[in-house]
Amino acid sequence: GRELSEEEADRLQDAARRSGLKAKAIELLMRRPQSRKELGRRLAEQEASQEEIEAICDRMEELGYLNEEEYAARVVRHYAAKGFGERKLRDELYRRGISREFWEDALAQIEDNSEVIDAFLEKKLKGDHDPKAVKKASEALARRGFSWSEIGDALRRYGMEVWD
């Protein structure tokens, strides 16, 4: 029942705002895992200062809600399962703002891509050895993030003659 001074009211409002930002961070992380950079971007949209963003991200890491290493591994597994190559996986890790220190461990999870590439070629070419169809399939594999050496090896396994 007492009246607050202007300074006390400002402190209370600031504390309520910070509490709201923390709640928003938890809500965002419960919806889907994110990188520190993605979470920071979303908090900045809520008009959080850089200092507040850093403090909230640190706290979310302490609580185990924000784990970039686990998130990097999850992103790699997801896109590898969809049939994408290492270049595409690296692009996705970069796009999501995942710290590079976690990339190599996450990418080490990828198994040999030869089965994925072979299945893709079989599906697209269906036994066809037409140079235009092979070129189109090869370019599609390159866009999916596979290296030209991986594609060349797959074409050889498919029975195509490939010049390096």
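Remember, predicted model here, so these are calculated numbers, not experimental data.

### Structural notes on the overall build of the protein
Check the secondary structure of the protein and you find nine helices and zero strands. A compact globule built from 164 residues would reach a C-alpha radius of gyration of about 15 Å, whereas the protein, at 24 Å, exceeds it by more than 25%. Residues counted as buried form 37% of the 164 residues belonging to the protein. Across the protein, contacts joining residues at least 24 apart in sequence account for 58% of those joining residues at least 6 apart. For the protein, the accessible surface area stands at approximately 10800 Å², while carbon and sulfur atoms represent 48% of it.

### Observations concerning the packing of aromatic side chains
Summed over all chains, the structure comprises one aromatic pair. Ring centres of Tyr 79 and Phe 84 lie 6.0 Å apart, and the angle between their planes is 55°; this geometry places the pair in the tilted category. Each member of the pair, Tyr 79 together with Phe 84, is buried. Above the face of the Phe 84 ring, Lys 88 is positioned so that its terminal group lies 5.5 Å from the ring centre. In this structure, Arg 144 is placed above the aromatic ring of Phe 84, and the distance from its NZ or CZ to the ring centre is 4.4 Å.

### Some remarks on helix α8 (residues 131-143)
Under the 1.5 Å per step criterion, the end-to-end length of α8 is 18 Å for 13 residues, consistent within 8% with the ideal 18 Å. Among all positions of α8, only Val 134, Ala 137, Ser 138, Ala 140, Leu 141 and Ala 142 are buried. Here the buried face of α8 lies against α5 (86-95), α7 (114-125) and α9 (148-157). Within two residues after α8, Gly 145 carries a phi angle of roughly 100°, on the positive side.

### A short note on a positive patch on the surface
Positive charge collects at one region of the surface, where Lys 123, Lys 124, Lys 126, Lys 136 and Arg 143 lie side by side. Elements supplying a minimum of two residues to the positive patch: α7 and α8. For Lys 123, the position within the fold is in helix α7. Under the relative-accessibility criterion, Lys 123 is labelled exposed at 60%.

What counts, and where the lines are drawn
Residues numbered from 1 in each chain as written. Predicted model: local features only at pLDDT ≥ 70, side-chain atom pairs only at ≥ 80, totals over all residues. Heavy atoms only, no water. Helix = DSSP H or I, 4+ residues; strand = E, 2+ residues; numbered from the N terminus. Rg over C-alpha atoms; globule rule 2.2 N^0.38 Å. Buried < 20%, exposed > 50% of the residue type's maximum accessible area, 1.4 Å probe, protein only. Contact = heavy atoms within 4.5 Å. Areas by Shrake-Rupley, 256 points an atom, 1.4 Å probe, with all protein chains shown as cover. Phe/Tyr/Trp six-rings, centres within 6.5 Å; stacked < 30°, edge-to-face > 60°. Lys NZ or Arg CZ within 6 Å of the ring centre and 35° of its normal. Expected span 1.5 Å × (residues − 1). Patch = residues over 30% accessible without salt bridge, like charges linked within 9 Å, V, L, I, M, F, W, Y side chains within 5 Å. Salt bridge = Lys/Arg side-chain N within 4 Å of Asp/Glu carboxyl O. Lys, Arg positive; Asp, Glu negative; His and termini not counted. Charge placed at Lys NZ, Arg CZ, Asp CG, Glu CD.

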